[in-house]
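# Observations on the model geometry
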Amino acid sequence: MTLWEALAVLVAGFAGGALNTAVGSGTLVTFPVLLATGLPPVTATVSNALGLIPGSVSGAFAYRRELTGQRPLLVPLCVSAALGGLCGAALLMVLPPGVFATVVPVLVGLALLLIAAQPLLTRALRGRLVRPGGGLPLRAGLALASVYGGYFSAGQGILYVALSGALLDASLQRVNALKNVLVAQVNAVAAAFFLVTADIDWRAALLIAAGATAGAPLGARAAQRLRPVALRVLILTVGTAGLLHMTLG
């Protein structure tokens, strides 16, 4: 890795960390840059997952005010997310590359539709599926989303926001705070699995980690200043750009 490539990875980590904390989809910034440095796709994926963990933790800490009182909710959701993330990481090691190539855009597209329709869905589902803790539908949905998160992670934050926003009676900012914890959880579980099963480019992982740790608090502060409608529009804009990149790029 040349000096300029290292600088590009560091900057990508900064942007990815900020984007992950604010809306999700930071991998859509970091992953292409890692590929451009010559890393194989699987090595880039696992190095990226490991590198983004400090940024996710930093982002979750920046959202600590919105996390107040959510510990009883976080524990069961983190367990579900961890199990899903572990399954996704295992799939990355055993499935041929490209197996999820057709599934990923569909999942992200569905998540974007859920986020756009969240206010209507919450009102329609209140008293039916919406529960104070999300109930079984939310835990099952997050487990499935985390299988994808452990496999690749691009757009996993958008999936979490979509599911939690539709099935929890909570503000979008509190849902976003919850998303940051879940992303950190899944990336950590996947990375622990990768440590003993995959090749990791430690230079790339450390550069991503340094950049993401610095960028995450800035992303959190920017997102916390936005009104719910503005934050939803930002998530939809970034998510749509990522979806187009997946399908056309």
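Definitions and limits used
- Residues numbered from 1 in each chain as written.
- Predicted model: local features only at pLDDT ≥ 70, side-chain atom pairs only at ≥ 80, totals over all residues.
- Heavy atoms only, no water.
- UniProt positions renumbered as here; feature names shortened; annotations may be inferred.
- Helix = DSSP H or I, 4+ residues; strand = E, 2+ residues; numbered from the N terminus.
- Buried < 20%, exposed > 50% of the residue type's maximum accessible area, 1.4 Å probe, protein only.
- Contact = heavy atoms within 4.5 Å.
- Areas by Shrake-Rupley, 256 points an atom, 1.4 Å probe, with all protein chains shown as cover.
- Phe/Tyr/Trp six-rings, centres within 6.5 Å; stacked < 30°, edge-to-face > 60°.
- Expected span 1.5 Å × (residues − 1).

- By the naming in an unreviewed UniProt entry, the chain is Probable membrane transporter protein, taken from Streptomyces gougerotii.
- The heading Subcellular location (unreviewed entry) in the UniProt record of the chain holds the text "Cell membrane".
- Taken from UniProt, the Sequence similarities (unreviewed entry) comment for the chain reads in full: "Belongs to the 4-toluene sulfonate uptake permease (TSUP) (TC 2.A.102) family."

## Some points on the overall build of the chain
- If you tally the helices and strands in the chain, you get 12 helices and 0 strands.
- Expressed as a percentage of the 249 residues in the chain, the buried residues total 53%.
- Considering only contacts in the chain between residues 6 or more positions apart, those separated by 24 or more positions represent 83%.
- Split by element, the accessible area of the chain, about 10900 Å² in all, is 73% carbon and sulfur.

## Quick look at the UniProt feature "transmembrane region" (unreviewed entry) in the chain
- UniProt annotation of "transmembrane region" (unreviewed entry) refers to residues 40–61, 73–93, 99–121, 142–168, 204–223 and 229–248 when read in the numbering used here.
- For residues 40–61, the helix share is 95%, the strand share is 0%, and the end-to-end C-alpha distance is 32 Å.

## A word on the packing of aromatic side chains
- All told, the structure shown has 1 aromatic pair when counted by the stated rule.
- Relative to Phe 194, the ring of Phe 193 lies with its centre 6.3 Å away and its plane at 70°, an arrangement referred to as edge-to-face.

## Some thoughts on helix 8 (residues 135–151)
- Taking 1.5 Å per residue as the helical rise, helix 8 with its 17 residues ought to reach 24 Å, and the 25 Å between its terminal C-alpha atoms agrees with that figure.
- Looking only at helix 8, the buried set comprises Gly 135, Leu 138, Gly 141, Leu 142, Ala 145, Ser 146, Tyr 148, Gly 149, Gly 150 and Tyr 151.

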